[in-house]
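Secondary and tertiary structure notes
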Amino acid sequence: MDTSLFKLALTSQTIFGAVQFFVVLFVLGSVLGALQFYHANDRLTFSCSLKPDDFTKQLCYDKYTSTMSPWLIPRNVVAIIYGVSCIWWICFLFYSAVTIRQIKRDQEARPNQRQTQWGKLSCIYNIHVVFRLVFLGVMIGVFCSSQTFNLPSVFECIPRTPQTNKIVTPVMESKMECNDLHYKEKSILNIVILAIVALVMMLGISELLQLKLTGKEFREMLLGNVFEEGNNNSDREPLLNGGET
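Residues numbered from 1 in each chain as written. Predicted model: local features only at pLDDT ≥ 70, side-chain atom pairs only at ≥ 80, totals over all residues. Heavy atoms only, no water.

Describing the sheet that holds strand 3 (residues 176-180)
With respect to topology, three strands assemble into an open sheet ordered 1-3-2, the strand pairing being antiparallel. With one partner strand each, in any of the chains shown, strand 1 (46-48) and strand 2 (155-157) form the two edges of the open sheet. Each adjacent strand pair in this sheet contributes to an overall mean axis angle of 30°, direction not counted. In this sheet, strand 3 lies alongside strand 2 in antiparallel orientation, the contact comprising three bridges. Pairing of phenylalanine 155 across the sheet is with cysteine 178, part of strand 3. The strands touched by helix 2 (residues 15-45) within the sheet are strand 1 and strand 3, with strand 1 carrying the most contacts at an inclination of about 15°. (Pairing = 2+ DSSP bridges. Helix = DSSP H or I, 4+ residues; strand = E, 2+ residues; numbered from the N terminus. Axes fitted to C-alpha atoms, helices over the stretch in contact; angles between N-to-C directions. Contact = heavy atoms within 4.5 Å.)

As structure tokens, then:
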């Protein structure tokens, strides 16, 4: 990715939007990497007493997974949040960057339309923020309803032995104790996922309040405008110092 284009995209965001983008891209991305590592080794780190055969162990592992995560496992939930957020965010970042560049390019040729163009971009930006909040709220609901947060240290499994003939015979069910060697780490990651998504939502709400309640115009809240003002001030300082001498 072109660095200058990446910087241009970030300057078309507010400070809250830029922080959210980095939190999702890097922090949530790191959590997704950790979950993928544990998922790849789940079957190997799941052990049971009585040394069951592979078939019985697989039955207990499947039962454990479906009990702890009836709908979606944490890795899949985070993957959905990360994928949708990044795709939506990156598309909007570059859309807003290109639009702002076009507005500045046309401000001399069509000065009367400048305010209308900024108003349209502001409206789309607000829709973008609201969409993120609604999406994250739905995903938190899905995550909370589909996951056991504190995984048990011991999981009791009663494997069902399939009948091989038509005659029904009583089967003695043997209860086994199984456990996931990484249950503590996964429990911590579940809390971390909630904390990260909650943080992003709080930043999103703060961004929406900033856009709606502050008296500043939309373009004055963008990082590009802040950086430009900083550069202008730094350019003035030598002149002011020279005037004093």
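A look at the state of the cysteines
Taken as a whole and judged by the stated rule, the model has two disulfides. Disulfide pairing places cysteine 48 opposite cysteine 178 at an S-S distance of 2.0 Å. Its S-S torsion of approximately 105° makes the covalent link between cysteine 48 and cysteine 178 right-handed. Here cysteine 48, found in strand 1, pairs with cysteine 178, found in strand 3; they are 130 residues apart in sequence, far enough to count as distant. Cysteine 48 gets classed as buried once you look at its relative accessible area, which sits at 14%. Residue class for cysteine 178 comes out buried when judged on its relative accessible area of 1%. Across the disulfide, cysteine 60 is cross-linked to cysteine 157 (sulfur-sulfur distance 2.0 Å). Across the S-S bond linking cysteine 60 and cysteine 157, the dihedral sits near -85°, which makes this disulfide left-handed. (Disulfide = S-S within 2.5 Å. Buried < 20%, exposed > 50% of the residue type's maximum accessible area, 1.4 Å probe, protein only.)

Considering the packing of aromatic side chains
Within the structure shown, the criterion is met by 14 aromatic pairs. Consider the rings of phenylalanine 46 and tyrosine 64, whose centres lie 5.2 Å apart with planes at 35°: the pair is tilted. Of this pair, phenylalanine 46 sits in strand 1 while tyrosine 64 is found in helix 3 (residues 54-68), placing the two residues 18 residues apart along the sequence. One exposure class covers both phenylalanine 46 and tyrosine 64, and it is buried. A centroid spacing of 5.3 Å and a plane angle of 70° characterise the contact between tyrosine 64 and phenylalanine 155, whose relative ring orientation is edge-to-face. Taken together, the residues tyrosine 64 in helix 3 and phenylalanine 155 in strand 2 connect sequence positions 91 residues apart. Accessibility classification places tyrosine 64 together with phenylalanine 155 in one group, the buried group. (Phe/Tyr/Trp six-rings, centres within 6.5 Å; stacked < 30°, edge-to-face > 60°.)

That's the geometry; what it means functionally is another story.
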